[in-house]
Amino acid sequence: MTRRDVTYRVNVLRGGAELARLEWESGNAPNVYVDRNSEIKMSLSGSFRVPDGVNLLTDEMQPVMVVNGTETPLGVFLAATHSQVADRYRTLTQIEAYDRCWRLQNMRTERILHLAAGTAYLTVVQQLMTAAGIKLILATPSDAVLASDREDWDIGTTYLTIINQLLGEINYADVWFDGRGLAHLSPYKTPSADRIDHAYSASDLRGAEPISPDRSDEADYFNAPNVFVRICSNPDLDADMVATSVNDSPTSSISTFRRGMRIVDVQQLDNIASQAELQAAADRAKNESMLSARTITFATLNEPGHGVGDTISIDDPLLSGIYEETGWTLTMATGQLMQHTAKRTVIA
């Protein structure tokens, strides 16, 4: 394996430019966490020496991993809580910080939000993000428009709730932010072998990163549904829309074919862009139920470049397959292992 020279730092950003750097005690390195299933996907936690002039209410923090001279940012964070611990020799500030979704979660409607029929979904989403101070947005174009006038949300609803609901109605993934603080708005895609973000192996290290021997595998099939019904009904529609998606795959252990019974999951949706999007929602629920049957945890060397919900492949006697990464934890110190959780994305 090629020798790696790895260092870490945490920049303080003001207006997107580096203002200062935070330092920490040896043996008490900060951590970066990612959880795809949380509203706020990324967080940073650590005890730091904070230089004079840094304003933790408005300045942002950007942890950086440097491997053989190549710098990769690990996120842009805002302090949600901070407290000081001091003795006669030092003053440290314990900081819990979250990615820019925290801005969207703290912005709330101050009056009933009215959205007119025919307005593009992504136009509304981007307007809300801009109002919350989010300027860097990478959006996959969509032609979907609101089918009816909307006043769905009570006063005090968070912008993040509204944004993710609207994105879900056009079968987009939740909004998430990458290592550089760039917001991503893109359709949900079932991970596949056609697009692998990271590859790991227990033996062949020529084209893949090594995986630790310590790993676990958990399967839960007991009550897993195999028929998914989605219904959209509201007064503005001429008739209810209904979509059904059935897992009848002979290769799936939870399918109607294999279990000999139909276990039905029914959900009511207040709004959806179209019948096609309703069917996509039902299909997505079916696919995700099949993929979530197997959950794994494993460890690797610390590695930059991971996002939210990356697709990974593993070559290993126990875990071989293609997975969706549902979470990871990185401790910013030499010799630490990166912890991953993932769910199976290809049915064995």
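Above this text is the structure in question.
Conventions adopted
- Along every chain, residues carry numbers that run from 1 in the direction the sequence is written.
- Given that this is a predicted model, residues contribute local features only at a pLDDT of at least 70 and side-chain atom pairs are listed and counted only at 80 or more, while totals for whole chains, interfaces and linings are drawn from all residues.
- Note that the side-chain values use all heavy atoms of the structure and ignore hydrogens as well as water.
- Secondary structure follows DSSP: runs of H or I at least 4 residues long count as helices, runs of E at least 2 residues long count as strands, and numbering of each begins at the N terminus.
- Distance and chemistry together define a polar contact, namely a pair of N or O atoms within 3.5 Å, with one atom able to donate a hydrogen and the other to accept it when in protein, and with adjacent residues in sequence counting only for side-chain atoms on both sides.
- A fitted line through C-alpha atoms represents every axis, and for helices the fit uses only the stretch in contact; the resulting angles, taken between N-to-C directions, go from 0 to 180 degrees.
- The labels follow the angle: roughly parallel below 35 degrees, roughly antiparallel above 145, roughly perpendicular from 65 to 115, and oblique for the rest.
- What makes a crossing left-handed is the near helix being turned counterclockwise from the far one by less than a right angle; a clockwise turn instead makes it right-handed.
- The contact definition used throughout considers only heavy atoms, calling two residues in contact when any of these lie within 4.5 Å.
- Polarity classes work like this: nonpolar for Ala, Val, Leu, Ile, Met, Phe, Trp, Tyr, Cys and Pro, charged for Asp, Glu, Lys and Arg, and polar for all others, with Gly in that last group.
- Strands are labelled as partners when DSSP assigns at least two bridges between them.
- Here the aromatic set is Phe, Tyr and Trp, taking the six-membered ring for Trp, and pairing holds for ring centres within 6.5 Å; pairs whose planes are under 30 degrees apart are stacked, those over 60 apart are edge-to-face, and all others are tilted.
- Only lysine NZ and arginine CZ atoms are considered, and such an atom sits over a ring when it is within 6 Å of the ring centre and within 35 degrees of the ring normal.
- Take a side-chain nitrogen of Lys or Arg and a carboxyl oxygen of Asp or Glu: if they are within 4 Å of each other, that pair is a salt bridge.
- Only protein chains enter the accessibility calculation, which uses a 1.4 Å probe; a residue whose area is less than 20% of its type maximum is buried, one above 50% is exposed, and one in between is partly exposed.
- When we speak of the arc, we mean the arc of directions from the helix axis to the C-beta atoms.

**A look at the side chain of Glu-60**
Residue placement: Glu-60 occurs in strand β5 (residues 60-67). Here Arg-100 takes part through its side chain, which lies 2.8 Å from a polar atom of the side chain of Glu-60.

**Structural notes on the packing of helix α2 (residues 121-131) against helix α3 (residues 159-169)**
If you want to describe how two helices pack, look at the angle between their axes and the distance between the axes. The interhelical angle for the contact between α2 and α3, taken along N-to-C directions, is 160°, at an axis separation of 10 Å. Taken together, α2 and α3 sit at an angle that is classed as roughly antiparallel. Two packed elements cross with a definite hand, and for α2 against α3 that hand is left-handed. Judged by residue contacts, Tyr-121, Leu-122, Val-124, Val-125, Leu-128, Met-129 and Ala-131 of α2 engage Tyr-159, Ile-162, Ile-163, Leu-166, Leu-167 and Glu-169 from α3. Among the residues forming the contact of α2 with α3, the class breakdown is twelve nonpolar, no polar and one charged.

**Let's talk about the sheet that holds strand β9 (residues 137-139)**
Taken in spatial order, the three strands line up as β9-β11-β10 in an open sheet, and their pairing is mixed. This sheet does not close on itself; its edge strands, each paired only once, are β9 and β10 (176-177). In this structure, β10 lies alongside strand β11 (residues 183-185), joined through two bridges in antiparallel fashion. Of the residues in β11, the one forming a bridge with Phe-177 is Ala-183. Here α2 sits on the sheet in contact with β9, β10 and β11, set at roughly 165° to β11.

**Side note on the sheet that holds strand β15 (residues 241-246)**
Whenever strands of a sheet pair, they do so through backbone hydrogen bonds, lying parallel or antiparallel. The three strands are arranged β15-β14-β16 in an open sheet whose pairing can be described as mixed. The sheet is open, and its two borders are formed by β15 and β16 (264-269), each paired with just one other strand. Strand-to-strand twist of the sheet, defined as the mean angle between neighbouring strand axes without regard to direction, takes the value 15°. Across six bridges, the pairing between strand β14 (residues 227-232) and β15 is antiparallel.

**Topic: the packing of aromatic side chains**
According to the stated counting rule, one finds two aromatic pairs in the structure shown. Taking the ring centre of Tyr-188 as reference, the NZ or CZ of Arg-284 above it sits at 4.0 Å.

**Topic: the pattern of salt bridges**
Overall, the coordinates contain 15 salt bridges when judged by the stated rule. One salt bridge connects Arg-21 with Glu-18, and the closest N-O pair in it is separated by 2.8 Å. Residue classification places Glu-18 among the partly exposed residues on the basis of a relative accessible area of 42%. With its nearest N and O atoms 2.9 Å apart, the salt bridge here joins Arg-230 to Asp-265. Residue Arg-230 is found in strand β14, and its partner Asp-265 is found in strand β16; the two are separated by 35 residues along the sequence. Asp-265 sits in the partly exposed class, given a relative accessible area of 23%. When salt bridges with common partners are traced through the structure, they connect Glu-23, Glu-25, Arg-49 and Arg-90 into a single cluster.

**Quick word on unusual backbone geometry**
Peptide bonds are mostly trans, and most non-glycine residues show a negative phi. Here Asn-68, not a glycine, exhibits a phi torsion of approximately 50°, which is positive. As for its position among the elements, Asn-68 is in the loop between β5 and β6 (70-73). Backbone geometry at Asn-171 places phi at a positive 60°, although glycine is not the residue there. Looking at the element boundaries, Asn-171 is found in the loop between α3 and β10.

**Structural notes on the side chain of Asn-11**
Assignment of secondary structure puts Asn-11 in strand β1 (residues 6-14). A polar contact of 2.9 Å, which involves the side chain of Asn-11, links it to the side chain of Arg-9. Setting aside its immediate chain neighbours within four residues, Asn-11 contacts Glu-18, Ala-20, Arg-21, Glu-60, Met-61, Gln-62 and Val-64.

**Notes on α2**
Residues of α2 that are buried: Tyr-121, Leu-122, Val-124, Val-125, Leu-128 and Met-129. Taken around the axis of α2, the buried residues stretch over an arc of 160°, which confines them to a single face. In α2, the exposed positions angled more than 90 degrees off the buried face are occupied by Gln-127 and Thr-130. Looking at the buried residues of α2, the elements they touch are α1 (101-106), β9, α3, β10 and β11. One or two positions beyond α2, positive phi appears at Gly-133, with a value near 90°.

**Structural notes on the pairing of strand β3 (residues 31-35)**
Each regular strand shows side chains that alternate between the opposite faces of the sheet. Pairing of β3 with strand β4 (residues 42-48), which is carried by four bridges, proceeds in the antiparallel orientation. Directly across from Val-32, in β4, lies its bridge partner Leu-44. Relative to strand β19 (residues 321-331), β3 runs antiparallel, the two sharing five bridges. What sits directly across from Tyr-33, in β19, is Thr-329.

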